[in-house]
Amino acid sequence: MLALRKTRAAPGLEALDAPEPGPPGPGEVLLRIEAVGICGSDVHAYEWTEGYGHMAPHLPLTMGHEMAGRVLAAGPGAGIAEGTRVAAHPGLVCGACPACRRGEPRGCERRRTLGLTCDGGFASLLRLPAANVLPLPEAVDAELGALVEPLSVAAEAVRVGEVSLGHTVLVLGPGTIGQGLALMARAAGAGRVIVAGRADAPRFAVLERLGFADVADVAEGPLAGQVLALTGGRPVDVVLEATGHPPSVAEALGVLRRDGVLVVAGIHAAPLALPLTDFVRNRHQLRASHGSARGTWDRVLALLARDPEGFRPMITHRLPLERGLEGFELSRQRAASKVILTP
């Protein structure tokens, strides 16, 4: 079968013929992939930027961790019917380490991630634990199912930031995660959501279609001036970061209210220089969010089922898997928002 594989610890990705996975064992399913999204993490791994060296010991592997499809076959005890359309959670846990035994699987000491440390979904077939698939509501098709993972990452960051009714929220980064942060902040009751980016017209256009009119293009002027102009001089309550650009964190502290929360959700290739004295005097809270929990996925699926077409503008390009490298280049050049590949 055709697969997009990372074969070496260097820039690049290859479209190769890969063996099909065998039949599912006990507690496993064989998934026929119907849609898989190109994530910012995939692009960074493709470029082999700083912060992705942890993949090296696991290469070669098939990438792709935002996926949905149908259960082609189910092993004994899988507990899910063949033909069920599902989304796949990329975090594989051992179930036996101290964290797993405490009921804290996100702290698994032997955790693996589909598409980053083991074979993922840029292929037509994938075998994985049945515990990692979630049935999709009838209203949610495969391409929207491929959005469940990034939307859940965003929803988790909004939870960590304690966004609540009436908050003014600043989102840093207009890409897929940033769009998800804006959508999930609105769903949490935020009264105003401002999204900042740099010379990112295609993604600003997506945000407009999603219903977000307040954007700050830092290519046109300093972040603080643009944000405070939109708020009438009032600082924001919460900042949600998804840029992977450390200076943006320090800049955003200048528009965050005293005791306000800044959540870092981006993957950063460089350290952060933080004005600690101002940070302490303003009692700012810096929090981190990474990945998502099963309960977050359930909430996202409920939101998707309620208004599926409200999320579809996030998808700007649909390509067959054999044109996957073209999709990566579109993403690298920020000419696309979310690219969905179909095996």
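Quick caveat, the model's predicted, so the values are computed rather than measured.

Chemist: Give me the domain arrangement of the protein chain: which residues, what numbers.
Modeler: Along its sequence, the protein chain is carved into domain 1 (2–135 + 307–341) and domain 2 (153–288). Of note, the centres of domain 1 and domain 2, computed from C-alpha atoms alone, are 28 Å apart. The interface of domain 1 with domain 2 comprises 14 residues on the first partner and 16 residues on the second. At the boundary of domain 1 with domain 2, total buried surface from both sides reaches about 1,300 Å², with 56% on carbon and sulfur atoms. The largest per-residue losses of area from domain 1 upon contact with domain 2 belong to Met-314, Arg-334 and Ser-337, which jointly make up 41% of the total buried on that side. At the boundary of domain 1 with domain 2, the tally comes to two salt bridges. Connecting domain 1 to domain 2 are three residue pairs in polar contact (both at pLDDT 80 or more). Among the residues making up the side of domain 1 that touches domain 2, the classes are represented as six nonpolar, four polar and four charged.

Chemist: Report on the sheet that holds strand 1 (residues 2–6), specifying residues and quantitative values.
Modeler: Backbone hydrogen bonds hold the strands of a sheet together, and the pairing may be parallel or antiparallel. The sheet built from three strands is open, its strands ordered 2-1-4 with antiparallel pairing. Both edges of this open sheet fall to strand 2 (14–17) and strand 4 (61–62), since each of them pairs with a single strand only. Direction of pairing for strand 1 relative to strand 4: antiparallel, over a ladder of two bridges. Each bridged residue has a counterpart across the sheet, and for Lys-6 the counterpart in strand 4 is Leu-61.

Chemist: Describe in detail the sheet that holds strand 15 (residues 256–264), supporting the description with residues and values.
Modeler: Within the open sheet, the six strands sit side by side as 13-12-11-14-15-16. Their pairing is parallel. Of all the strands in the sheet, the pair left with one neighbour each is strand 13 (215–217) and strand 16 (285–288). Strand-to-strand twist across the sheet, computed as the mean angle between neighbouring axes with direction ignored, equals 20°. Note that strand 14 (residues 236–241) and strand 15 share five bridges and pair parallel. In the sheet register, Val-239 faces strand 15, and the bridge partner there is Leu-262. Across the face of the sheet, helix 7 (residues 223–231) comes into contact with strand 11 (168–172), strand 12 (192–197), strand 13 and strand 14 while running at roughly 160° to strand 12.

Chemist: For the packing of aromatic side chains, give the residues involved together with the corresponding values.
Modeler: Taken as a whole and assessed by the stated rule, the structure comprises two aromatic pairs. Judged by centre distance (5.8 Å) and plane angle (70°), the rings of Phe-122 and Phe-328 are edge-to-face. With a gap of 206 residues between them, Phe-122 in the loop between strand 8 (112–113) and strand 9 (125–129) and Phe-328 in helix 11 (residues 324–332) connect regions that are remote in the sequence. Like Phe-122, the residue Phe-328 is buried in the burial classification. Three or more aromatic residues joined by ring pairs form one cluster here, namely Tyr-46, Phe-122 and Phe-328.

Chemist: So what's going on with the side chain of Arg-312? Which residues, and what values?
Modeler: Its location among the elements puts Arg-312 in the loop between helix 10 (294–306) and strand 17 (315–320). Since its relative accessible area comes to 17%, Arg-312 is described here as buried. At 3.0 Å, the side chain of Arg-312 and the side chain of Asp-141 are in polar contact. With near-sequence residues (within four places) excluded, Arg-312 lies in contact with Asp-141, Glu-143, Leu-144 and Arg-318.

Chemist: Go over helix 6 (residues 201–209), please, and point to the residues and values.
Modeler: For helix 6, every residue scored as buried is listed here: Arg-203, Phe-204, Val-206 and Leu-207. End-on view of helix 6: buried residues confined to an arc of 155°, all on one side of the axis. For helix 6, the exposed residues lying more than 90 degrees away from the buried face are Ala-201, Glu-208 and Arg-209. Against the buried residues of helix 6 lie helix 5 (176–187), strand 12, strand 13, strand 17 and helix 11. Among the residues trailing helix 6, Gly-211 stands out with phi positive, at a value near 100°.

Chemist: Lay out unusual backbone geometry in plain terms, naming residues and giving numbers.
Modeler: Each neighbour pair has its own omega, and for Leu-59 with Pro-60 the value is 0°, a cis peptide bond. With respect to the helices, strands and loops of the structure, Pro-60 is situated in the loop between helix 1 (40–47) and strand 4. We note that Glu-162 has phi near 55°; this positive angle belongs to a residue other than glycine. Inspection of the secondary structure assignment puts Glu-162 in the loop between helix 4 (148–160) and strand 11. Residues other than glycine seldom take positive phi values, yet Asp-259 does so here, at roughly 70°. Positionally, Asp-259 belongs in strand 15.

Chemist: Explain helix 7 to me, and be specific about the residues and the numbers.
Modeler: Residues of helix 7 that are buried: Leu-223, Gln-226, Val-227 and Thr-231. Projection of helix 7 onto a plane perpendicular to its axis shows the buried side chains occupying an angular sector of 125°, all on one side. On its buried face, helix 7 is in contact with strand 11, strand 12, strand 13, strand 14 and helix 8 (246–253). One or two residues past the end of helix 7 sits Gly-232, with phi positive at roughly 70°.

Parameters at a glance
Residues numbered from 1 in each chain as written. Predicted model: local features only at pLDDT ≥ 70, side-chain atom pairs only at ≥ 80, totals over all residues. Heavy atoms only, no water. Domains from an automatic or database assignment. Contact = heavy atoms within 4.5 Å. Buried area = accessible area lost by both parts, 1.4 Å probe. Salt bridge = Lys/Arg side-chain N within 4 Å of Asp/Glu carboxyl O. Polar contact = N/O pair within 3.5 Å; in protein donor to acceptor, adjacent residues only side chain to side chain. Nonpolar A, V, L, I, M, F, W, Y, C, P; charged D, E, K, R; others polar. Pairing = 2+ DSSP bridges. Helix = DSSP H or I, 4+ residues; strand = E, 2+ residues; numbered from the N terminus. Axes fitted to C-alpha atoms, helices over the stretch in contact; angles between N-to-C directions. Phe/Tyr/Trp six-rings, centres within 6.5 Å; stacked < 30°, edge-to-face > 60°. Buried < 20%, exposed > 50% of the residue type's maximum accessible area, 1.4 Å probe, protein only. Arc of directions from axis to C-beta.

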